[in-house]
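Here's the letter readout for the chains.
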Protein chains: 2
Amino acid sequence: MKDAPERPVTMAQVADLAGVSVPTVSRVINSSAPVAEETRRAVVRAIETLGYHPNLMARGLSRGRSDTVLVILPHITEPSVAMRLSALIDVLRKSPYELHLVDLERPPEQRIRRIGEIVLRNRPAGVVIISLPLDDVDHRHIHNADVPVVLIDSTSTDFPSDSVDDIAGGELATNHLIGLGHTEIAFIGDQEETAIGVPASANRRLGYQRAMKFADLPVPSGYKGTAPHGMDTARRVARDMLRLSQPPTAIFAASDVQALGVLAAAREVGLDVPRQLSVIGFDDIQAASLTGLTTIRQPLEASGRRAGLQLLQMLGHRVREKKPEFPELEVVVRSTTGPVSSNTAQEPLSAVSLEKADMVTKVSSSPGSAARQARLIPRRK
Amino acid sequence: MKDAPERPVTMAQVADLAGVSVPTVSRVINSSAPVAEETRRAVVRAIETLGYHPNLMARGLSRGRSDTVLVILPHITEPSVAMRLSALIDVLRKSPYELHLVDLERPPEQRIRRIGEIVLRNRPAGVVIISLPLDDVDHRHIHNADVPVVLIDSTSTDFPSDSVDDIAGGELATNHLIGLGHTEIAFIGDQEETAIGVPASANRRLGYQRAMKFADLPVPSGYKGTAPHGMDTARRVARDMLRLSQPPTAIFAASDVQALGVLAAAREVGLDVPRQLSVIGFDDIQAASLTGLTTIRQPLEASGRRAGLQLLQMLGHRVREKKPEFPELEVVVRSTTGPVSSNTAQEPLSAVSLEKADMVTKVSSSPGSAARQARLIPRRK
DNA sequence: CTGAAAGCGCTTACAG
DNA sequence: CTGAAAGCGCTTACAG
C-alpha cells in the first residue's frame, strides 16, 4: 500500500487486460453502443480488478465539455447563499454531474476573474449562478461557451432565473411597520453596485419608498443607509442613524444579516427592541428564528431546488420531481417589531425586550400566528 | 452578440493570428520558456483581440493534473464546515488554482461515491478534505493519484491534518459544568460512525467520561444520547432525556448545532435555562453568540487558513503569510449555564432566563470576562 | 458487435 | 528564441 506511486490506471490498461480495444471499453463504460454480453463482462471484470476510474479531463476534452455543473456564487458564508446552494446540491446529487463550485468576491470591481472567463476555461455541462450580476462580456463569453445557464437571485434577458419580487417584499416589510403605527421608518441595505443584475437590495429599497410614498410618509435623507453587505457594516450605519436628533422608531433592513447588525446597534445605543425600536429583516435565515427577528420570509431553498431542476431539464434529463411552487413572500412576525411607543425618550435597556423575544418564538411556530402574518402574492412574469 | 454560437477560441487560432506556432503561444501564456519580446507582444495582442481563454481540461490532460484544488466536505450548510471553508477560500483565492468543491453525504454508507474515486477522476493539483473520514480504499486511490492532501478535522497517518484535541475539549466542557456544582450531567452527540477518522463527537464524549470519572460522578446509561447530526435530531434525544424520572441538570452537547436542539427541547419541556437546566455546546458558531449559548470555542477559521497555507506549501509555493498559531480551546461563558439549583422541581418558564441571555452577550464581549473563561492547552502531536 | 484511425486542445521534450 | 512532433486519455465517426 506504500509502493511507489504507480500512475493511475488508464483505459488502455483495462483494454489490455480484458483483451479488447480501447473503444470497446469506452462503450461499456458509457453504454454508448451495443457490446456483446460476454465482452462486457470481461471489461467490467478488468475494470474492477484494476480499480479503474476514468479521467474526467480526458473525457471532457474529447467530448467538448466536462460532466460538471459549475456553481458560481459570492461568499459562501452568507446564510442565504448557503441555503440555496444546499438545496441545489440535493437536487444535483442524484444527477450524473460533478458539482464544482467557484466562490467569487461580491463586488465586481474587486474581482480578478470574470464569470464568463471561468465558464470558458472550465467548459462545464451547465452553470448555476447565484446572487451575482453578469455584464456584457460575461454574456458574450457564456454565449461562446454555448452552455445552459440558470440564474438565482439575479436577472437577465438571456437566461432563465429564479428571483422573488423584491419590490413587493420591500412594500410588505414597510407596510408591516406602518401598520404598527410607525411613521419614522428608515431603511438599511447594501451599497448599490453599479453592475446591473442583482438589484435585490435596491429593489427592496424601492418597495420601501413606494410604501412610504403611498402612506404619505416622509423619508428624510438620513433614513436611507447603505453599506457593503454584512452584519458589522450594517451595525455601524444603524448606530449613526439611531444617534440622529430625530432617530427612526423602526428600521427595515434589506436582509436578516443586516437586521442582526441593527439589533446590535440598538443594544449598543441602549434602545429597547421592540419598545423603542422596531426592526424587520428579509430572508428568514435560521438566525432569524433563533433570535426572534421579525422578517420577510423568502423561499431560499425552493429557489435552489427549482434552479437545479430547471438546469437538469435544460441538459436533457427527464426530471421526475416536479418543480416546487414558488411560495409567496410573507411576513413572519416575531419579537423585534411592535406598536410604536408614545414614549420616544430613550430609557435604559430593560429585561422586557428579551422576555418578549421568547414569546416570539412561540408566536411564529403556533398555528394561531398565521393570522398575524400578512401575505402578498409576488408579481412574477 | 446573438450570432450562432461560434465555438470557443482555441490556441491554434491565436497562433494563426499572431503568425507563430502553437507552442509559442503556450510559452507566452505560461511563461514556461523565453520568448522574444516582439513575439510575445504579438501573441498577447492576438489573445486579446480574440478573447482567448485556455481550455483547462486540455491543459490538465497534457500536464497530468488540473490546476484545481479539490475541496471535499460534508453538508455545506453545517456552520462549522462553512466557516472553515470560508477561511480556506480566502487563502486559495490569491493562488493560481481554481477551487472546486464536492459536497458529500456525511454517513459513508449512504454515499454512492467514494472520496478516493472523486480524486482519481478529477486529478486535482491538491486536495483538502474537511470533516470526512477516509478508509483504506480512499487511501489507496489517493496514493495512486499521487496528489498532496490536507485534512481538516479528521486524522490519518498518511496526511497532515489540523484538528483540535477533542478529548481535552470534552473534559473542558464537562469540568465547566462540574465547577458549577452539577452532578447529573448528560452528553448528547453524533451517532458514532463505524468508519474511523472523524471521531470528533466520539472524542468529546470520551473527554466527558474522563472528567466524570475523575470527579467520581456516575454516568447513567440514559445520560449518553446520540443521534445523526442535526439540531432537530438532538432536540428529540434531549426531550426524551429531560423526561427521564431522574433528568440531568446539565447537558454537554458535542456541537453548538446540537446544543441549540437541546435548548429547543428545554423550551418544549418547560424547563428554564439555565436555572433548571444548564447547556454547553462546542464550536462557537455565530448562532452561539446570537443565542447566548455557552460553548467551547474551537478555532474554526484558523483551521481553514492553516490547511490552505499548508497545501500551498506542499504544492511548492512560497507562502508569505505565516500559518496562524492554533489557538487554544476555551470555554466561552454566556447565559445557558449556571450554578446548579437546589430547587429541582419544574416551574413554569420565567422571564429571568432571557434577561440573563442578554447579560451573557455582554459578558462574553467585555474584557473582564476573560477571567471567567477557563483555558486548557490542547495536546497536539 | 468490434477495431483502426482521427481528433479534442493543450504541453513538453527535441532539434535547430 | 522557435517550430515540428509526439503524447496526455479519452470519444466518435467510419469500416467491416
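Note that the coordinates shown come from a computational prediction; the quantities given were computed from them, not determined experimentally. (Residues numbered from 1 in each chain as written. Chains lettered and ligands numbered in written order. Predicted model: local features only at pLDDT ≥ 70, side-chain atom pairs only at ≥ 80, totals over all residues. Heavy atoms only, no water.)

Participant: How do you make sense of the packing of helix α10 (residues 231–242) of chain B against helix α11 (residues 256–269) of chain B when you look at a structure like this?
Facilitator: Packed helices, taken two at a time, are described by the angle between their axes plus the distance between the axes. Residue and element names in this part refer to chain B. Two elements in contact, α10 and α11, have axes separated by 7 Å at closest approach and are oriented at 45°. In terms of orientation, α10 and α11 fall into the oblique class. As for the relative orientation of α10 and α11, their crossing is right-handed in sense. On α11, the residues that touch Met-231, Ala-234, Arg-235, Ala-238, Arg-239 and Leu-242 of α10 are Val-257, Gln-258, Leu-260, Gly-261, Val-262, Ala-264, Ala-265, Ala-266, Glu-268 and Val-269. Class assignment for the residues of the contact of α10 with α11 results in eleven nonpolar, two polar and three charged. (Axes fitted to C-alpha atoms, helices over the stretch in contact; angles between N-to-C directions. Helix = DSSP H or I, 4+ residues; strand = E, 2+ residues; numbered from the N terminus. Parallel < 35°, antiparallel > 145°, perpendicular 65-115°, else oblique. Left-handed = near helix turned anticlockwise from the far one by under 90°. Contact = heavy atoms within 4.5 Å. Nonpolar A, V, L, I, M, F, W, Y, C, P; charged D, E, K, R; others polar.)

Participant: Sorry, what's going on with the packing of helix α5 (residues 79–93) of chain A against helix α13 (residues 300–314) of chain A here?
Facilitator: Residues and elements named next belong to chain A. Between α5 and α13, whose axes approach to 7 Å, the crossing angle comes to 40°. Classified by the interaxial angle, the pair formed by α5 and α13 is oblique. For the pair α5 and α13, the sense of crossing is right-handed. The residues of α13 that touch α5, namely those facing Ser-80, Met-83, Arg-84, Ala-87, Leu-88, Asp-90, Val-91 and Leu-92, are Leu-300, Glu-301, Ser-303, Gly-304, Arg-305, Ala-307, Gly-308, Leu-309 and Leu-312. Residues belonging to the contact of α5 with α13 are distributed by class as follows: nine nonpolar, four polar and four charged.

Participant: Got a minute to help me understand the protein's contact with DNA strand D in this structure?
Facilitator: Neighbouring DNA strand D are 26 residues; Met11(A), Ser26(A), Arg27(B), Pro34(B) and Thr39(B) lie closest to it. Residue Met11(A) places a main-chain N or O atom 2.8 Å away from a phosphate oxygen belonging to DNA strand D. Ser21(B) places a polar side-chain atom, nitrogen or oxygen, 3.0 Å from a phosphate oxygen of DNA strand D. Counting only elements with at least two residues in the surface near DNA strand D, the list comes to α2 (22–30) and α4 (56–63) of chain A together with α2 (22–30) and α4 (56–63) of chain B. At five residues, α2(A) tops the list of elements feeding residues into the surface near DNA strand D. Per-class residue counts for the surface near DNA strand D are twelve nonpolar, nine polar and five charged. (Near = heavy atom within 4 Å. Polar contact = N/O pair within 3.5 Å; in protein donor to acceptor, adjacent residues only side chain to side chain.)

Participant: So what exactly am I meant to see when it comes to the relation of the copies chain B and chain A here?
Facilitator: Both copies of the chain are related by a screw-like operation: a rotation about an axis and a shift along it. Relative to chain A, chain B is turned by 180° and slid 0.0 Å along the rotation axis, the superposed coordinates differing by an RMSD of 0.0 Å. What the rotation and shift describe, once combined, is the action of a two-fold rotation axis. Taken as a fraction of all interface residues of chain B, those also at the interface in chain A reach 98%, which identifies the copy contact as same-surface. (Least-squares fit on C-alpha atoms with pLDDT ≥ 70 in both.)

Participant: How should I be thinking about the pattern of salt bridges in this particular structure?
Facilitator: All names here are of chain A. One pass over the full model with this rule turns up 41 salt bridges over all chains. Among the salt bridges present, the one from Arg-239 reaches Glu-268, with a minimum N-O distance of 3.0 Å. In this pair, Arg-239 sits in helix α10 (residues 231–242) while Glu-268 sits in helix α11 (residues 256–269), placing the two residues 29 residues apart along the sequence. Across the pair Arg-275 and Asp-272 runs a salt bridge whose closest N-O atoms are separated by 3.2 Å. Relative accessible area serves as the criterion here: at 27%, Arg-275 is assigned to the partly exposed category. Overlapping salt bridges, with partners in common, bring together Asp-232, Arg-235, Arg-236, Arg-239 and Glu-268 in one network. (Salt bridge = Lys/Arg side-chain N within 4 Å of Asp/Glu carboxyl O. Buried < 20%, exposed > 50% of the residue type's maximum accessible area, 1.4 Å probe, protein only.)

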